Amino acid sequence: MSAPGLNVIGCGRAARTLAAIWQRTAVLETIAILNRSAASAVAAAGFVGAGKAVSDLSQMAAAEFWMIGVGDDRISGVADALAASGLLRPGDIVFHLSGAHGSDKLASCRDAGARCASLHPAHSFADPGRSLSAIAGCRCVVEGDNTAIDALRPLVMALEAVLLEIDPAQKIVYHAGMVFASNYVVALLGDALTAVGAAGIPESEAAELLRPLLLGSAANALEYGVEDALTGPIARGDTTLVAAQLDALERILPGVAARYRALGLAASAIARRADGADLEALARIEALLGRERG
Ligand SMILES: NC(=O)c1ccc[n+]([C@@H]2O[C@H](COP(=O)([O-])OP(=O)(O)OC[C@H]3O[C@@H](n4cnc5c(N)ncnc54)[C@H](OP(=O)(O)O)[C@@H]3O)[C@@H](O)[C@H]2O)c1
């Protein structure tokens, strides 16, 4: 028996990775791919290893599964166009990949008889080639119609991922957590690289200098909890060092200093919860970090 068909509208970094894995594991057969540009659809079909690159919705045929992998702001518009196309059959599964939005963005497809869901792989698809194997073990956070969620279960299994259901009303806050853990860690690393660069460390050394600290701290925080993982001047209540560091940053890297203050306050809130916290020292540090530069 042949695998159910998959049409992809918006086959960018995330969608092409998923489609390629489903194609390789033979759980779905990619039929057609529609992107904004024809060249991009051809490239996506090449990556997936299947699927006809098309340049308009009218060139697509029926499929059991429709994956909408466009950026979040475009999901509703694409869903409306799909619902109006007459291509959907009752019971077809339509899903998008946004972490922030629920399947209500697909309301027009639901009204057209499709079963709808959102499926958010908690994975960063910066490099789809790498994601093909790196996605294994990630959580896929889903919500939507029960029939659609059940239809997505074997797809999640084929990714070697784990399905986790969520209340759609909480997706926006859930996604803020993802932004902190993924995008803001990258932003934070940008500041770390800027600071060590300003200290004269050659760029060629910076990654290896920071790698064990970054990965070790992340591993410790996830394994032991943030209170036990926090080390450094704020955890030690070292007011003098924090004052000197802030002063240096204000002079050399004022933009970085603003984030040092904000994150220092967040670190101090964690330090307060640790066993044996020096609350008086932490109060002095918080006053220092919260004080406007005079
Ligand atoms: N990237 C991640 O790490 C990640 C992780 C989890 C979930 N997601 C979710 O996955 C979705 C896509 O993100 P992404 O990073 O994969 O985006 P992306 O790489 O920018 O890909 C978006 C794709 O949509 C196509 N597109 C845009 N407008 C279109 C339209 N009107 N009709 C047809 N195709 C259209 C683009 O075509 P062109 O190539 O021609 O411009 C592009 O191929 C988002 O909802 C995002 O939240 C992303």
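Note that the coordinates shown come from a computational prediction; the quantities given were computed from them, not determined experimentally.

The rules behind these values
- Residues numbered from 1 in each chain as written.
- Predicted model: local features only at pLDDT ≥ 70, side-chain atom pairs only at ≥ 80, totals over all residues.
- Heavy atoms only, no water.
- Core = buried A, V, L, I, M, F, W, Y, C linked by side-chain atoms within 4.5 Å.
- Buried < 20%, exposed > 50% of the residue type's maximum accessible area, 1.4 Å probe, protein only.
- Helix = DSSP H or I, 4+ residues; strand = E, 2+ residues; numbered from the N terminus.
- Contact = heavy atoms within 4.5 Å.
- Patch = residues over 30% accessible without salt bridge, like charges linked within 9 Å, V, L, I, M, F, W, Y side chains within 5 Å.
- Areas by Shrake-Rupley, 256 points an atom, 1.4 Å probe, with all protein chains shown as cover.
- Salt bridge = Lys/Arg side-chain N within 4 Å of Asp/Glu carboxyl O.
- Near = heavy atom within 4 Å.
- Polar contact = N/O pair within 3.5 Å; in protein donor to acceptor, adjacent residues only side chain to side chain.
- Domains from an automatic or database assignment.
- Buried area = accessible area lost by both parts, 1.4 Å probe.
- Pairing = 2+ DSSP bridges.
- Axes fitted to C-alpha atoms, helices over the stretch in contact; angles between N-to-C directions.

**Q** How should the nonpolar core be read in this particular structure?
**A** For soluble globular proteins, nonpolar side chains are generally found buried alongside one another. The biggest cluster of nonpolar side chains holds 36 residues, and the ones touching the most others in it are Trp22, Met67 and Phe95. Elements with a minimum of two residues in this core: β1 (5-9), α1 (13-24), α2 (38-48), β4 (65-68), β5 (93-96), β6 (115-121), β7 (139-144) and α6 (146-158). Not counting residues within four places of it along the chain, the set of residues in contact with Phe95 comprises Trp22, Phe65, Trp66, Met67, Ile68, Leu106, Ala117, Leu119 and Leu152. With 21 residues, the next largest nonpolar core counts Leu34, Ile68, Ile75 and Leu87 among its residues.

**Q** Would you take a moment to explain a nonpolar patch on the surface for this structure?
**A** A surface patch of nonpolar side chains, amounting to about 230 Å² of accessible area, comprises Val185, Leu214 and Leu215. Relative to the elements of secondary structure, Val185 occurs in helix α7 (residues 171-198). Overall, Val185 belongs to the partly exposed group, its relative accessible area being 32%.

**Q** What am I meant to see in the site of the ligand here?
**A** By nearness alone, 23 residues border the ligand, and Arg36, Ser37, Ser40, Asp72 and Phe125 come closest of all. A distance of 2.9 Å separates an oxygen atom of the ligand from a polar atom in the backbone of Ala14. Asp72 is positioned such that a nitrogen or oxygen atom in its side chain is 2.6 Å from an oxygen atom of the ligand. In the complex, 77% of the free accessible area of the ligand, which totals 900 Å², lies under the protein chains. Counting only elements with at least two residues in the shell around the ligand, the list comes to α1 and β6.

**Q** Could you clarify how one ought to interpret the domain arrangement of the protein in this entry?
**A** Think of interface size as the accessible area that goes away when the parts come together; that is how it is often given. With domains assigned, the protein is organised as domain 1 (5-166) and domain 2 (173-290). For domain 1 and domain 2, the distance between their C-alpha centroids amounts to 38 Å. On the side of domain 2, 4 residues touch domain 1, which itself brings 7 residues to the contact. Of the roughly 410 Å² buried at the junction of domain 1 and domain 2 (both faces included), carbon and sulfur atoms supply 70%. Its largest share of buried area at the contact with domain 2, domain 1 owes to Gly99, His120 and Ile166, together 55% of the area lost on that side. The interface formed by domain 1 and domain 2 includes 0 salt bridges.

**Q** Teacher, can you tell me more about the sheet that holds β1 here?
**A** Strand pairing in a sheet takes place through backbone hydrogen bonds and is either antiparallel or parallel in direction. The strand order across the open sheet formed by 8 strands is β3-β2-β1-β4-β5-β6-β7-β8, and the pairing between neighbours is mixed. Two strands in the sheet have a free side with no partner beyond their single neighbour: β3 (52-54) and β8 (162-165). With direction set aside, neighbouring strand axes in the sheet form an average angle of 25°. Note: β5 against β6, 4 bridges, orientation parallel. Bridge assignment links Phe95 to a residue of β6, and that residue is Ala117. Helix α3 (residues 75-85) rests against β1, β4 and β5 of the sheet, and its axis sits at about 150° to β4. This element, α7, spans β5, β6 and β7 of the sheet and lies at about 20° to β6.

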